Amino acid sequence: MGRWYYTHQGQTLGPVSEQELRQLAARRALLPEDLIWAEGESHDQALEAQAALDFASLAASPPPPAAVPDWLADIARAERPVARAPAAPDWVKTPTGPQAEEPMAVEVVPPLLPPSLGPCRVSVGCATSRGRVRKRNEDHFLVQQFIWSAEEDIHEATLLVVADGMGGHQAGDRASGLVIGTLAGQLAPVFAGLLRGPSRENGAAILIRAVGEALQECHRVVAQVAASDAACQGMGSTVALIVLWDGQAFVSHVGDCRVYHQRGDRLTQVTRDHSIVARMVERGQLTPEEAATHSARNEVTQAIGTQSRLEPSQHTLTLERGDWLLVACDGLSAHVGADTLRTVARQAAPSAAHLAKRLVELANEGGGTDNCTVVAAWCY
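Residues numbered from 1 in each chain as written. Predicted model: local features only at pLDDT ≥ 70, side-chain atom pairs only at ≥ 80, totals over all residues. Heavy atoms only, no water.

**Things to note about the packing of helix α4 (residues 172–193) against helix α5 (residues 200–228)**
Where α4 meets α5, the closest approach of the two axes is 9 Å, and the angle between their N-to-C directions is 145°. Regarding α4 and α5, the two cross each other, and that crossing is right-handed. Residues Arg174, Ala175, Leu178, Val179, Thr182, Leu183, Gln186, Leu187, Val190 and Phe191 of α4 form the contact with α5, whose own contacting residues are Ile206, Leu207, Ala210, Val211, Ala214, Leu215, Glu217, Cys218, Val221, Val222 and Val225. Its residues placed into classes, the contact of α4 with α5 shows 17 nonpolar, two polar and two charged. (Axes fitted to C-alpha atoms, helices over the stretch in contact; angles between N-to-C directions. Helix = DSSP H or I, 4+ residues; strand = E, 2+ residues; numbered from the N terminus. Left-handed = near helix turned anticlockwise from the far one by under 90°. Contact = heavy atoms within 4.5 Å. Nonpolar A, V, L, I, M, F, W, Y, C, P; charged D, E, K, R; others polar.)

**Section: the sheet that holds strand β14 (residues 372–379)**
Think of a sheet as strands paired side by side through backbone hydrogen bonds, with each pair either parallel or antiparallel. With antiparallel pairing, five strands are arranged side by side in an open sheet as β5-β14-β13-β10-β11. The open sheet has two edge strands, β5 (122–129) and β11 (266–269), and neither has a second partner. On average, each strand axis in the sheet is tilted by 15° relative to the strand beside it, whichever way the strands run. With five bridges connecting them, strand β10 (residues 258–263) and strand β13 (residues 324–328) associate as antiparallel partners. Within β13, the position partnered with valine 259 by the bridge is valine 327. Its contacts with the sheet put helix α9 (residues 338–348) on β10, β11 and β13, and the angle it makes with β10 is roughly 55°. Relative to the sheet, helix α10 (residues 352–365) contacts β5, β13 and β14, its axis offset from that of β5 by approximately 25°. (Pairing = 2+ DSSP bridges.)

**A few points about the nonpolar core**
Judged by nonpolar contacts, the single largest core of 36 residues is most densely connected at Leu183, Val239 and Ile304. Here this core takes ten residues from α5, the largest share from any one element. Counting residues in each nonpolar core, the second largest holds 24 residues, with Tyr260, Trp324, Ala352 and Ala356 among its members. (Core = buried A, V, L, I, M, F, W, Y, C linked by side-chain atoms within 4.5 Å. Buried < 20%, exposed > 50% of the residue type's maximum accessible area, 1.4 Å probe, protein only.)

**A word on the sheet that holds strand β1 (residues 3–8)**
The strand order β2-β1-β3-β4 describes an open sheet built from four strands, whose pairing is antiparallel. Looking at strand neighbours, the two that pair on one side only are β2 (11–17) and β4 (47–48), the edges of this open sheet. As defined by bridge partners, β1 adjoins strand β3 (residues 35–38) across three bridges and the pair is classed as antiparallel. Its bridge partner lying in β3, tyrosine 5 is registered against tryptophan 37. Strand contacts of helix α1 (residues 18–26): β1, β2 and β3, with the helix running at about 130° to β2, the strand carrying the most contacts.

Encoded structure:
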């Protein structure tokens, strides 16, 4: 028997079985004009419920209330999401055979989300893999989320970071780990300070300044360790991060880790790579297609700990419900193009955990020539 997602009173719910759909319809928790679509399909393939169910016959003989499971009543009241995790969509596949990698680190977040009041909030999923060529994973990611209430209002501040270590045997993994640890230590007190309730304008200014200062501290720490430990000489890290606060996203990056923003069918690469080939593309010396295979495609012009002066790029976005944000290292862009990314994101909504996992899988299926790490955030 198939399983279905459905919309009701502005919420996306499910998956439920066909029998459960009929029970919902009989109890008026599903209306003829509500949309339904099969698990594994996208919202674009939805049809009106009246096209699949005979509402007249269901209304004539509703099932007894005792036959309705408690969790279905919870869905109908929309008081909380279903606690059990749904089966993975058909497109979520697990690598098999001799080429399969060790299990990826994935944060599982239930895809059923209650409607949020006020500014949009985010659900986050993460995945990482060393790939099919490299012997170890030199990436690190970090997610920190603070959620608090002020009278009737709920506020949220979230930090999303991907750091990609450089230096190979010169301890690139240590460099990216230092970046993650330093950012966590520098920004946690800043998040705590938001509890005091600064205005939206003042809070934004505080966060932008704090991110810039934290990245400079990362630069100092990594450079100091590289200079004091012979085993770490030459190490460095690229990094991309997002700080989310009450519907705003403050983006910063160094190197060729990227941040993407998708709204509907429009996918935007928010960051521009700090790399030699990116400069050549901007000057018209290379096409994007030529840059993807250029011999200097991995040479960055900025990295944490490797230059005397660091100039991170910064961007600010205003978010809407239904937006996707992605933070990823260059191991994703090496094998997953923009069209594929856009399509997979549309199919994955609203499960950030599934999207992160699937994108890393696609990078491995495309060759897995580098470590790949993805942090995905769905706005709701």
